[in-house]
Amino acid sequence: MRPLIRLFFRGLRQVLAPIVLISEKLSTPKSVERSPEAQAEIDRACEGLALYQFRTCPFCVKVRKEIARLGLPIEVRDAQLNPDHRRELAEGGGRVKVPCLRIAQDDGGVEWLYESDDINAWLQRRFATA
Ligand SMILES: N[C@@H](CCC(=O)N[C@@H](CS)C(=O)NCC(=O)O)C(=O)O
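Residues numbered from 1 in each chain as written. Predicted model: local features only at pLDDT ≥ 70, side-chain atom pairs only at ≥ 80, totals over all residues. Heavy atoms only, no water.

Draft legend 1. Summary view of the packing of helix 1 (residues 2–27) against helix 3 (residues 58–70). Viewed as axis vectors pointing N to C, helix 1 and helix 3 meet at an angle of 20°, and their least axial separation amounts to 11 Å. Comparing the axis directions of helix 1 and helix 3 gives the class roughly parallel. You can see that helix 1 and helix 3 cross each other, and the crossing is right-handed. Two secondary-structure elements touch here, helix 1 through V20, L21, E24 and S27 and helix 3 through V61, R64 and K65. Of the residues assigned to the contact of helix 1 with helix 3, the class counts are 3 nonpolar, 1 polar and 3 charged. (Axes fitted to C-alpha atoms, helices over the stretch in contact; angles between N-to-C directions. Helix = DSSP H or I, 4+ residues; strand = E, 2+ residues; numbered from the N terminus. Parallel < 35°, antiparallel > 145°, perpendicular 65-115°, else oblique. Left-handed = near helix turned anticlockwise from the far one by under 90°. Contact = heavy atoms within 4.5 Å. Nonpolar A, V, L, I, M, F, W, Y, C, P; charged D, E, K, R; others polar.)

Now the structure itself:
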């Protein structure tokens with residue numbers, strides 16, 4: 001029974017994937033505009049950030065849209081198809097759950113932030129007024 005259920009959900013994911021991706025494309029907001037100097041500062045601040053995600057996960061879509069709206073050049077890492085990224089997430093964050101934002105701190109520490117709402121709130125606190 002379990003393999004059948006797994007097969008059903010895999011099929012469902014494949015059917016829904018193009019819908020999720022097209023809807024993301026159509027609904028991604030335009031980026032905020034900044035002066036070149038302000039954007040350069042944002043670009044530098046984003047160097048220590050990476051988003052671990054699955055391409056068609058709706059929670060990841062929500063975070064990617066916020067990243068686009070805030071105009072953040074955050075590296076996106078596929079934890080579904082790329083085994084290296086999956087392992088980094090499992091070992092660093094403690095579980096393969098997405099989205100997860102890896103935040104490299106100035107003191108060399110690393111924070112792994114899970115939950116799409118918490119990630120978006122963190123991004124807004126950090127970048128909305130910049
Ligand atoms: N409440 C979470 C839900 C995230 C979630 O369910 N992600 C799924 C992919 S769409 C996942 O990582 N599932 C694997 C797992 O939970 O182990 C959020 O808003 O980020």
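Draft legend 2. Focus on the layout of surface pockets. Here the largest pocket is characterised by a volume of approximately 290 Å³. R13, F54, T56, C57 and P58 are, among the 13 residues lining the largest pocket, the residues nearest its centre. Going through the elements one at a time, helix 1 and helix 3 are the ones with two or more residues in the lining of the largest pocket. With 6 residues, helix 1 is the largest single contributor of residues to the lining of the largest pocket. Within the lining of the largest pocket, the residues separate by chemical class into 10 nonpolar, 2 polar and 1 charged. Considered as a void within the structure, the second largest pocket measures approximately 180 Å³ in volume. Residue lining of the second largest pocket: A45, G48, L49, I103, A104, Q105, D106, W122, R126 and F127, and that is the complete set. (1 Å grid on protein atoms, 1.4 Å probe; cavity = no way out; pocket = protein on both sides within 12 Å on 5 of 7 lines; lining within 4 Å. Points joined across faces, edges and corners; volume = space filled by probe spheres on them.)

Draft legend 3. Region of interest: a positive patch on the surface. Where like charges cluster on the molecular surface, the positive patch consists of R2, R6, R10 and R13. Along the chain, the position of R10 falls in helix 1. (Patch = residues over 30% accessible without salt bridge, like charges linked within 9 Å, V, L, I, M, F, W, Y side chains within 5 Å. Areas by Shrake-Rupley, 256 points an atom, 1.4 Å probe, with all protein chains shown as cover. Salt bridge = Lys/Arg side-chain N within 4 Å of Asp/Glu carboxyl O. Lys, Arg positive; Asp, Glu negative; His and termini not counted. Charge placed at Lys NZ, Arg CZ, Asp CG, Glu CD.)

Draft legend 4. Layout of the side chain of R77. Tracing the sequence through the fold places R77 in strand 2 (residues 75–78). R77 gets classed as buried once you look at its relative accessible area, which sits at 17%. With near-sequence residues (within four places) excluded, R77 lies in contact with A50, L51, Y52, Q53, H85, E88 and R102. (Buried < 20%, exposed > 50% of the residue type's maximum accessible area, 1.4 Å probe, protein only.)

Draft legend 5. How the structure looks around the sheet that holds strand 3 (residues 100–104). An order of 2-1-3-4 is seen for the 4 strands of this open sheet, with the pairing classed as mixed. Sheet topology places strand 2 and strand 4 (110–114) at the edges, where each strand pairs with a single neighbour. Direction aside, the axes of adjacent strands within the sheet are offset by 25° on average. Across 4 bridges, the pairing between strand 1 (residues 49–53) and strand 2 is parallel. The residue of strand 2 that forms the bridge with Q53 is D78. (Pairing = 2+ DSSP bridges.)

Draft legend 6. Representation of unusual backbone geometry. Cis rather than trans, the peptide bond between V98 and P99 has omega equal to 0°. Even without being glycine, E115 reaches a positive phi, approximately 80°. Mapped onto the fold, E115 is located in the loop between strand 4 and helix 5 (116–127).

Draft legend 7. The arrangement of the packing of aromatic side chains in detail. Within this structure, the stated rule accounts for 3 aromatic pairs. Taking the centre distance of 5.3 Å and the plane angle of 75° together, the rings of F8 and F9 count as edge-to-face. Relative accessible area serves as the criterion here: at 43%, F9 is assigned to the partly exposed category. Note on W122 and F127: the rings are 6.4 Å apart at their centroids and 75° apart in plane angle, and the pair reads as edge-to-face. Like W122, the residue F127 is buried in the burial classification. Above the ring of Y114, the side-chain terminus of R95 is found at 4.1 Å from the ring centroid. (Phe/Tyr/Trp six-rings, centres within 6.5 Å; stacked < 30°, edge-to-face > 60°. Lys NZ or Arg CZ within 6 Å of the ring centre and 35° of its normal.)

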